[in-house]
Amino acid sequence: MTDSSRIITSIFADNPIGKLPDHLLIEIFIRVPMSEWVQLSCVKKQWANLFREECLWNAALLRNFPFAGHAKRWPGPIPRGLSKRYFSNECPLSLPLLYLFDLNHEIVGHIYLFLKEQLEISIMPTPAGILHGTIIDQFIACGKTRDKAYELASQIWLSVIDNLEENEHTFLLLKRLALEEDVFLPYPYTRSQKVQWRVFEKLFTDFRDCFNHDDYYDVLACAKHKFQPIPSAWVKQPYGWMMPSIGCSSD
């Protein structure tokens, strides 16, 4: 925590000044480095609520990018769309990316939303390889090196996978991502091992009871082909399955 955030915390947390109205607190917080916002949001419940609301993020957007709404050019292949939604809804999920990679906050959040919405659509989503390549091209168009683009894309994939709802659509999506063949492409257009590992990890932990017998072993075989070794927990029989050796159905 920097000196500025320590001073704010010590003065406001247990002091009548800490009862300032929200609009004044917002004016103070947007002048503190964004890397300190996570710590500040943990000081008081009132402060945490401010960081979840639209007013603070809109104020931060206007302070850092006063002409963002009037920009005539949005670089890269991903349409700009309603990218301001990022500041009101999604920024806490991707906050570390903002200062680790020195990238326009709005672009990072918009790409996060782009991938999440593409994976959550009810019809068949676009193949993962195409989505990943589009994200890589977006970051390269914004001036990032191939290495930075690869790491940023991987971090966004991990954030999106971790924040998908636990429902049938997500199970079917993850199963498709696990079984999808990776066409040979040059770096950085191949998904990282971290991303592929997280897909299998989610399937074998959060969704393991959703498998039928055949699908489970198909996905397990794919995991063994991609990773050696795999965690022993992935190989255990899902709850409710009975072993064929005792004369029961394998489904």
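Preceding this paragraph is the structure being described.
Q: Give me the nonpolar core: which residues, what numbers.
A: Core analysis: the biggest nonpolar cluster contains 44 residues, and Leu-115, Ile-135, Ile-156, Trp-157, Phe-200, Leu-203 and Phe-204 have the highest contact counts within it. Elements supplying a minimum of two residues to this core: α7 (105-120), α8 (128-141), α9 (146-162), α10 (168-179), α11 (193-205) and α12 (213-226). The residues touching Phe-200, leaving out its near neighbours within four places in the chain, are Ala-178, Val-219, Cys-222, Ala-223, Lys-226, Phe-227 and Trp-234. Listed in part, the 15 residues of the second largest apolar core include Phe-29, Val-32, Trp-37 and Trp-57.

Q: I'd love a proper account of helix α4 (residues 45-52), names of residues and values included.
A: Every buried residue of α4 is accounted for by Trp-47, Ala-48, Leu-50 and Phe-51. The buried residues of α4 occupy one face: seen down the axis, they fall within an arc of 155°. With respect to the buried face of α4, the exposed residues turned more than 90 degrees away are Lys-45 and Arg-52.

Q: Provide a residue-level description of the packing of α10 against α11, including the pertinent values.
A: For any two helices packed against each other, the geometry is given by the interaxial angle and the distance between the axes. Running from N to C, α10 and α11 point in directions that differ by 135°, and their axes come no closer than 9 Å. The angle between α10 and α11 falls in the class oblique. Considering only the axes of α10 and α11, their crossing is left-handed. Mapping the contact onto sequence places Phe-171, Leu-174, Lys-175, Leu-177 and Ala-178 in α10 and Val-199, Phe-200, Lys-202 and Leu-203 in α11. Within the contact of α10 with α11, the residues separate by chemical class into 7 nonpolar, no polar and 2 charged.

Rules behind the numbers
Residues numbered from 1 in each chain as written. Predicted model: local features only at pLDDT ≥ 70, side-chain atom pairs only at ≥ 80, totals over all residues. Heavy atoms only, no water. Core = buried A, V, L, I, M, F, W, Y, C linked by side-chain atoms within 4.5 Å. Buried < 20%, exposed > 50% of the residue type's maximum accessible area, 1.4 Å probe, protein only. Helix = DSSP H or I, 4+ residues; strand = E, 2+ residues; numbered from the N terminus. Contact = heavy atoms within 4.5 Å. Arc of directions from axis to C-beta. Axes fitted to C-alpha atoms, helices over the stretch in contact; angles between N-to-C directions. Parallel < 35°, antiparallel > 145°, perpendicular 65-115°, else oblique. Left-handed = near helix turned anticlockwise from the far one by under 90°. Nonpolar A, V, L, I, M, F, W, Y, C, P; charged D, E, K, R; others polar.

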